[in-house]
Amino acid sequence: MLFVIFLSGFAKEDKLTPVITLTIYWNTGNWDGARRLHDMLSVSDKKILDYVADYKLNLIVPEEIEDFDKFQTELGPLLEFINAADNGKKFEAAFHQKRTKWKQLSGDAIDLLNTCLNAKLEIKKGLEKGEGNVCKGLEEFWEIVEAKGAAKGEAIGEARLNKLMH
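Residues numbered from 1 in each chain as written. Predicted model: local features only at pLDDT ≥ 70, side-chain atom pairs only at ≥ 80, totals over all residues. Heavy atoms only, no water.

Student: So what exactly am I meant to see when it comes to the environment of Leu-79 here?
Tutor: Of note, Leu-79 is situated in helix H1 (residues 75–84). Residues Leu-79 and Thr-28, spaced 51 residues apart in sequence, show a C-alpha to C-alpha distance of 9.4 Å. (Helix = DSSP H or I, 4+ residues; strand = E, 2+ residues; numbered from the N terminus.)

Student: What should I look at first to understand helix H2 (residues 88–103) in this one?
Tutor: One turn of an α-helix holds 3.6 residues; hence residues three or four places apart share an orientation. The end-to-end C-alpha separation of H2 is 19 Å, well short of the 22 Å expected for 16 residues at 1.5 Å each. Every buried residue belonging to H2 is among Phe-91, Ala-94, Phe-95, Lys-98 and Trp-102, and all of these are buried. Its side-chain oxygen at 3.1 Å from the backbone nitrogen of Lys-89, Asn-87 defines the N-terminal cap of H2. (Expected span 1.5 Å × (residues − 1). Buried < 20%, exposed > 50% of the residue type's maximum accessible area, 1.4 Å probe, protein only. Polar contact = N/O pair within 3.5 Å; in protein donor to acceptor, adjacent residues only side chain to side chain.)

Student: I tried to follow helix H3 (residues 107–117) on my own but got confused; where do I start?
Tutor: Among the residues of H3, those classed as buried are Gly-107, Ala-109, Ile-110 and Leu-113. In a view along the axis of H3, the buried residues occupy a sector of 165°, so they form one face of it. For H3, exposure combined with an orientation more than 90 degrees from the buried face picks out Asp-108 and Thr-115. Two residues or fewer after H3 comes Asn-118, characterised by a positive phi angle close to 55°. (Arc of directions from axis to C-beta.)

Student: Can you help me understand the packing of aromatic side chains in this one?
Tutor: Where two aromatic rings form a pair, the distance of their centres and the angle of their planes describe that pair. What the rule picks out here adds up to four aromatic pairs. With a centroid separation of 5.3 Å and an interplanar angle of 85°, the aromatic rings of Tyr-25 and Trp-31 are classed as edge-to-face. By relative accessible area, which is 18% here, Tyr-25 ends up buried. Judged by centre distance (5.2 Å) and plane angle (90°), the ring pair of Phe-81 and Phe-91 falls under edge-to-face. Taken together, the residues span a long stretch of sequence, with Phe-81 in helix H1 and Phe-91 in helix H2 at a distance of ten residues. The pair Phe-81 / Phe-91 is uniform in exposure class, with both members buried. Grouped by ring-pair contacts, the aromatic residues Phe-81, Phe-91 and Trp-102 constitute a single cluster. (Phe/Tyr/Trp six-rings, centres within 6.5 Å; stacked < 30°, edge-to-face > 60°.)

Student: I'm lost on the nonpolar core in this one. Help?
Tutor: The nonpolar side chains of a soluble globular protein tend to be buried with one another. Ranked by internal contacts, the top residues of the largest apolar core, which has 13 residues, are Phe-81, Phe-91, Trp-102, Leu-105, Leu-113 and Leu-121. Among the secondary structure elements, those contributing two or more residues to this core are H1, H2 and H3. (Core = buried A, V, L, I, M, F, W, Y, C linked by side-chain atoms within 4.5 Å.)

Student: Sorry, what's going on with the pattern of salt bridges here?
Tutor: Should the charged atoms of two oppositely charged side chains come close, the side chains can pair. Applying the stated criterion across every chain yields a total of six salt bridges. Here Glu-64 ties to Arg-35 by a salt bridge, and the two come within 2.5 Å at their closest N and O atoms. Linking Glu-64 in the loop between strand S2 (59–60) and H1 with Arg-35 in the loop between strand S1 (23–24) and S2, this pair joins segments that are 29 residues apart in sequence. Of the residues examined, Glu-64 reaches a relative accessible area of 41% and is grouped as partly exposed. For Arg-35, a relative accessible area of 29% gives the class partly exposed. Across the salt bridge formed by Asp-39 and Arg-36, the nearest N and O atoms sit 3.5 Å from each other. On the accessibility criterion, Asp-39 (46% relative accessible area) is partly exposed. (Salt bridge = Lys/Arg side-chain N within 4 Å of Asp/Glu carboxyl O.)

Shown next, in the form of structure tokens:
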């Protein structure tokens, strides 16, 4: 009789299921941190690194994404919102182009934008649980921006006119 004892309970023919860890940078702009463990180590003798596993950070940075449509969930529009949030012209273009997708962001997605970007978007009352309406808040935002721009333009025009007349 042959007894085989496995201390780990894992047999030679057993296989593991891979786990992929993704990290999302929930901020605007570029990621300026390390992307590998070796980049975080302070080692005077580089030969030691041959014996240290180098773990790569699987990082999603909105600033580096070129095609947000490849995402099949609301993650794409959410990341595109973050990508455009710190650039007025890019944001305006994205807003007009992605209005429908942004309008469908869930309450959780809006909460995330409010937390990460201090976006101050409201979740419209009366919608089903978990649904939001980003576009209503953004439309009001653009109305305020346009009104301020018009007022500033009028003030500049009046100042120029006064300067020409005197």
